Amino acid sequence: MRLSSVLLLVSLLASAVLADNSWTFMDFVTRWTGTACVQNPQFSMNSGNVPRGVANFTIHGSWPDRDDGTWPAFCNDSYPFSWNQIADLKPQLDLNWPSFNGPNADFYTHEWNKHGTCALNVAKDEHDYFQRTLALNSRYDLSAALARAGFVPSTTNTYNVNDMTAAISKAIGKTAAIQCANVNKKLYFLAVHICLDKNFQPMNCPAFVVKDCQQGCYVSTAMMPPVTDSCYR
Ligand SMILES: *[C@@H]1O[C@H](CO)[C@@H](O)[C@H](O)[C@H]1NC(C)=O
Ligand SMILES: *[C@@H]1O[C@H](CO)[C@@H](O)[C@H](O)[C@H]1NC(C)=O
């Protein structure tokens, strides 16, 4: 074989083996709990994962992302999720990071293995990743910011999604994005995406994040339902 063919073969093998774990910003996703209850009526009644006192916004996760719309995933399979490492955070996790479709442990295992292990260049360890993500959820009082702008939970009102996005972006001081969900042909306010730099400080979300979210909010208004009684355990 010629040297160039050998080099080509070596680089092909290397790219197959060495995944690219690089990323440029973190997408912190926090969900409007009332909509999660609407989406998962079959689970909310019996999973026991939605205790009273649950936050209005509950965490989905902190996801390392790249500017081109791709993201690294499952970056360190020698560092599997361990409950023991975050046992002291359980009371906060129950109220701020509940699963809506299964045991919390399964949810955290997925979030850690898929996304958290990719953040090990900015988070010290598993505990640090979960703790810093929890801190993000209490750093901004998004329901107060929405309420100040007239967006309060309702079973009947629909709200302008651009105006809601503006109210949230104003509270954060950077461009955020709102994601919607279609449940039984109605559009609901699903989640807020806040983009963060590697110091966990907010930055303007890249245009594609905003665009992707807007595509889901394909009509201009969405419902913002309250957390109903049936959602609690
Ligand atoms: C992957 O996890 C192992 C075990 O905790 C750790 O020693 C190693 O530094 C991690 N690697 C990276 C790239 O984070
Ligand atoms: C949840 O939202 C409602 C309506 O905006 C508000 O009255 C309540 O104080 C919020 N609860 C928390 C814990 O922020």
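Residues numbered from 1 in each chain as written. Chains lettered and ligands numbered in written order. Predicted model: local features only at pLDDT ≥ 70, side-chain atom pairs only at ≥ 80, totals over all residues. Heavy atoms only, no water.

- Per an unreviewed UniProt entry, the chain carries the name RNase and comes from Paratrimastix pyriformis.
- What the UniProt record of the chain gives under Sequence similarities (unreviewed entry) is the line "Belongs to the RNase T2 family." (UniProt positions renumbered as here; feature names shortened; annotations may be inferred.)

### A word on the packing of aromatic side chains
Here's step 1: Scanning all chains against the criterion turns up 17 aromatic pairs.
Here's step 2: Judged by centre distance (6.2 Å) and plane angle (65°), the ring pair of Phe 25 and Phe 208 falls under edge-to-face. Of this pair, Phe 25 sits in strand E1 (residues 25-32) while Phe 208 sits in helix H9 (residues 207-216), placing them 183 residues apart in sequence.
Here's step 3: The interplanar angle of 80° and the centroid separation of 5.7 Å between the aromatic rings of Trp 83 and Tyr 108 together place this pair among those described as edge-to-face. With Trp 83 in the loop between strand E2 (57-65) and helix H4 (90-96) and Tyr 108 in helix H5 (residues 104-114), this residue pair connects regions lying 25 residues apart in the sequence.
Here's step 4: Assessed through its relative accessible area of 27%, Trp 83 is described here as partly exposed.
Here's step 5: Ring-pair connections join several aromatic residues into one group, and the members of that group are Tyr 79, Phe 81, Trp 83, Trp 97, Phe 107, Tyr 108, Trp 112, Tyr 129 and Phe 130.
Here's step 6: Seen from the ring of Trp 23, Lys 198 lies directly overhead, with NZ or CZ sitting 4.8 Å from the centre. (Phe/Tyr/Trp six-rings, centres within 6.5 Å; stacked < 30°, edge-to-face > 60°. Helix = DSSP H or I, 4+ residues; strand = E, 2+ residues; numbered from the N terminus. Buried < 20%, exposed > 50% of the residue type's maximum accessible area, 1.4 Å probe, protein only. Lys NZ or Arg CZ within 6 Å of the ring centre and 35° of its normal.)

### Quick look at the site of ligand 1
Here's step 1: Asn 76, Ser 78, Tyr 79 and Leu 120 make up every residue found near ligand 1.
Here's step 2: In the model, an oxygen atom of ligand 1 is placed 2.4 Å from a nitrogen or oxygen of the Asn 76 side chain.
Here's step 3: Here ligand 1, which alone exposes 360 Å², has 38% of that area covered by the protein.
Here's step 4: For the shell around ligand 1, the residue count by class is two nonpolar, two polar and no charged. (Near = heavy atom within 4 Å. Polar contact = N/O pair within 3.5 Å; in protein donor to acceptor, adjacent residues only side chain to side chain. Areas by Shrake-Rupley, 256 points an atom, 1.4 Å probe, with all protein chains shown as cover. Nonpolar A, V, L, I, M, F, W, Y, C, P; charged D, E, K, R; others polar.)

### Here's the deal with the nonpolar core
Here's step 1: Counting 44 residues, the largest nonpolar core has Trp 97, Phe 130, Leu 146, Ile 168, Ile 178, Phe 189 and Val 192 as the members making the most contacts within it.
Here's step 2: Counting residues per element, the ones that place at least two in this core are E1, E2, H5, helix H6 (126-139), helix H7 (142-148), helix H8 (161-172), strand E4 (177-183) and strand E5 (186-196).
Here's step 3: The residues contacting Trp 97, other than those within four sequence positions of it, are Ile 59, His 60, Gly 61, Gln 92, Phe 107, Tyr 108, Glu 111, Tyr 129, Phe 130, Thr 133 and Leu 134. (Core = buried A, V, L, I, M, F, W, Y, C linked by side-chain atoms within 4.5 Å. Contact = heavy atoms within 4.5 Å.)

### Considerations on the site of ligand 2
Here's step 1: The immediate surroundings of ligand 2 are formed by Asn 56, Ser 143 and Pro 153.
Here's step 2: One of the side-chain N or O atoms of Asn 56 is found 2.3 Å from an oxygen atom in ligand 2.
Here's step 3: Here ligand 2 has 360 Å² of accessible area as a free molecule, and 42% of this is covered by the chains.

### Side note on the state of the cysteines
Here's step 1: Evaluation of the coordinates by the stated rule reveals three disulfides.
Here's step 2: The side chain of Cys 180 participates in a disulfide bridge whose partner is Cys 217; the two sulfur atoms lie 2.1 Å from each other. Between Cys 180 and Cys 217 the sulfur-sulfur dihedral comes to about 95°; the bridge is accordingly right-handed. Highlighted residues: Cys 180 in strand E4 and Cys 217 in the loop between H9 and strand E7 (221-222), separated in sequence by 37 residues.
Here's step 3: Assessed through its relative accessible area of 9%, Cys 180 is described here as buried.
Here's step 4: Here Cys 195 pairs with Cys 205 through a disulfide, and the sulfurs are 2.1 Å apart. Torsion about the S-S bond of the Cys 195 and Cys 205 cystine: about 100°, corresponding to right-handed handedness. In this pair, Cys 195 sits in strand E5 while Cys 205 sits in the loop between strand E6 (202-203) and H9, placing the two residues ten residues apart along the sequence.
Here's step 5: Given a relative accessible area of 0%, Cys 195 falls into the buried group.
Here's step 6: Cysteine Cys 213 remains unbridged, with the sulfur of Cys 217 as its closest cysteine sulfur at 6.9 Å. (Disulfide = S-S within 2.5 Å.)

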